[in-house]
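What follows is each chain in one-letter form.
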Amino acid sequence: MNAEFRINGVKIITERLFLRAFKQGDINDFFEYASVKGVGEMAGWQHHENIQKSNEILNSFIKEDKTFAICLKESGKVIGSLGVEKYGMEDKLTEFFSYKGREIGYVLSKEYWGKGLMTEAVKAVIDYLFNEQNLDFLTCGYYDFNTRSKRVQEKCGFKPYRKLIMETRMGTKEPGVLNLLLNPNKQIALNFSHPETLLYNK
Ligand SMILES: CC(C)(COP(=O)(O)OP(=O)(O)OC[C@H]1O[C@@H](n2cnc3c(N)ncnc32)[C@H](O)[C@@H]1OP(=O)(O)O)[C@@H](O)C(=O)NCCC(=O)NCCS
């Protein structure tokens, strides 16, 4: 089942970054990276054509309180987002019925790609969700064309879980992989459903 999750004012600090809830003052930094073509598209959403679009999304981030702003420690600049989302098909994935989890999604400003920053952010959030929030599992997905994101997930310990056709927010469908990470501090024995899409342990 999906775990309850809210950021609730928590700040996560890593070597080069800090992660905190979004606030209204982040609008310019957010628009700066969200308006660049080919960034959001890799995560299934269209780049923002205008600041009103960024404002609408920023307001939903603030209201829902489940998306971290990824900030550079040295300047405080917001350079990305990391959402602790609900995983989908909750009623079909019977293996998770007695376990609590969420799905992670993320985007980084194109200027900062290739420096290991997202891997650093994702690892810190995994640590927080497993060790402080006591979650049992996390999922994280990527479209087949997104080899960078695939690599981030590998480096964070995720394992291939299911091969799926995933819907984008642009109304298209893309083949992709959903990955799974189990909390290593717990004894979790999953009895998997839907063998037709299953990749885990293969
Ligand atoms: C995916 C994304 C978050 C990666 O962030 P990042 O900070 O650049 O990631 P890292 O530097 O931690 O790791 C990237 C890895 O991909 C590798 N990589 C870079 N270009 C690559 C390519 N064209 N093909 C395959 N791997 C590539 C890097 O070498 C690195 O792996 P390594 O450490 O083994 O060398 C960033 O590119 C992004 O925001 N993309 C757009 C949004 C997106 O795709 N979100 C995820 C949706 S599932």
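Residues numbered from 1 in each chain as written. Predicted model: local features only at pLDDT ≥ 70, side-chain atom pairs only at ≥ 80, totals over all residues. Heavy atoms only, no water.

A few words now on the overall build of the protein chain. What the protein chain contains, in helices and strands, is four helices and eight strands. Listing every helix and strand of the protein chain by position from the N terminus yields β-β-α-α-β-β-β-α-β-α-β-β. A globule of 202 residues ought to have a C-alpha radius of gyration of about 17 Å, and the protein chain, at 16 Å, matches this closely. Considering only C-alpha atoms, the protein chain reaches an extent of 45 × 35 × 30 Å along its principal axes. In the protein chain, which comprises 202 residues, the share counted as buried stands at 48%. In the protein chain, once contacts between residues fewer than 6 apart in sequence are set aside, the share between residues at least 24 apart is 68%. Total accessible area on the protein chain stands at roughly 10,600 Å², and carbon and sulfur atoms take up 49% of it. One finds the centroid of the 29 positive side-chain charges in the protein chain at a distance of 2 Å from the centroid of its 26 negative side-chain charges. (Helix = DSSP H or I, 4+ residues; strand = E, 2+ residues; numbered from the N terminus. Rg over C-alpha atoms; globule rule 2.2 N^0.38 Å. Buried < 20%, exposed > 50% of the residue type's maximum accessible area, 1.4 Å probe, protein only. Contact = heavy atoms within 4.5 Å. Areas by Shrake-Rupley, 256 points an atom, 1.4 Å probe, with all protein chains shown as cover. Lys, Arg positive; Asp, Glu negative; His and termini not counted. Charge placed at Lys NZ, Arg CZ, Asp CG, Glu CD.)

The next subject is the site of the ligand. Near the ligand there are 22 residues, and of these Gly 114, Thr 119, Asn 146, Arg 151 and Lys 155 occur at the shortest range. Note that an oxygen atom of the ligand is positioned 2.7 Å from one of the backbone N or O atoms of Gly 114. In isolation the ligand exposes 960 Å². Once the protein is present, 74% of that is buried. Elements with a minimum of two residues in the shell around the ligand: β5 (101-108), α3 (117-131), β6 (137-143) and α4 (147-155). Broken down by class, the residue content of the shell around the ligand amounts to eleven nonpolar, seven polar and four charged. (Near = heavy atom within 4 Å. Polar contact = N/O pair within 3.5 Å; in protein donor to acceptor, adjacent residues only side chain to side chain. Nonpolar A, V, L, I, M, F, W, Y, C, P; charged D, E, K, R; others polar.)

Compared with the 21 Å implied by 1.5 Å per residue over 15 residues, the 21 Å span of α3 between its first and last C-alpha is a close match. For α3, the complete set of buried residues consists of Leu 117, Met 118, Thr 119, Glu 120, Ala 121, Val 122, Ala 124, Val 125, Ile 126, Tyr 128, Leu 129 and Phe 130. (Expected span 1.5 Å × (residues − 1).)

By secondary structure assignment, the location of Asp 26 is in the loop between β2 (17-21) and α1 (27-34). For the pair formed by Asp 26 and Lys 77, sequence separation is 51 residues and the distance between their alpha carbons is 8.4 Å. Each residue touching Asp 26, except ones within four places of it in the same chain, is listed here: Arg 20, Ala 21, Leu 58, Ala 69 and Val 78.

Let us now look at the pairing of β2. The buried count for β2 comes to four of five residues, which makes it a mostly enclosed element. Both strand β1 (residues 12-13) and β2 contribute to a ladder of two bridges, which runs antiparallel. When the sheet's bridge partners are listed, Ile 12 is paired in β2 with Leu 19. Between the end of β1 and the start of β2, which pair antiparallel, lie three residues. Relative to strand β3 (residues 67-72), β2 is paired through five bridges, and the arrangement is antiparallel. By the bridge assignment for β3, Leu 17 is matched with Leu 72. (Pairing = 2+ DSSP bridges.)

Next up on the list: the packing of α1 against helix α2 (residues 51-64). Closest axis-to-axis distance for the α1/α2 pair is 9 Å, and the angle between their directions is 115°. Helix-helix and strand crossings are classified by hand; for α1 and α2 the assignment is right-handed. For the pair formed by α1 and α2, the contact residues are Ile 27, Asn 28, Phe 30, Phe 31 and Ala 34 on the first element and Ile 51, Ser 54, Asn 55, Ile 57, Leu 58 and Phe 61 on the second. For the contact of α1 with α2, the residue count by class is eight nonpolar, three polar and no charged. (Axes fitted to C-alpha atoms, helices over the stretch in contact; angles between N-to-C directions. Left-handed = near helix turned anticlockwise from the far one by under 90°.)

Here we come to the pattern of salt bridges. In total, this model carries twelve salt bridges according to the counting rule given. As a salt-bridge pair, Glu 120 and Arg 16 come within 2.7 Å of each other at their nearest N and O atoms. With a gap of 104 residues between them, Glu 120 in helix α3 and Arg 16 in the loop between β1 and β2 connect regions that are remote in the sequence. Measuring nitrogen to oxygen at the nearest pair gives 3.6 Å for the salt bridge that ties Glu 56 to Lys 53. Linking Glu 56 with Lys 53, this pair stays in helix α2, spanning three residues, or about one helical turn. The exposure class assigned to Lys 53 is partly exposed, which follows from its relative accessible area of 34%. The structure contains a network of salt bridges with shared partners spanning Asp 29, Glu 32 and Lys 77. (Salt bridge = Lys/Arg side-chain N within 4 Å of Asp/Glu carboxyl O.)

Any link to function would need more than the numbers given here.
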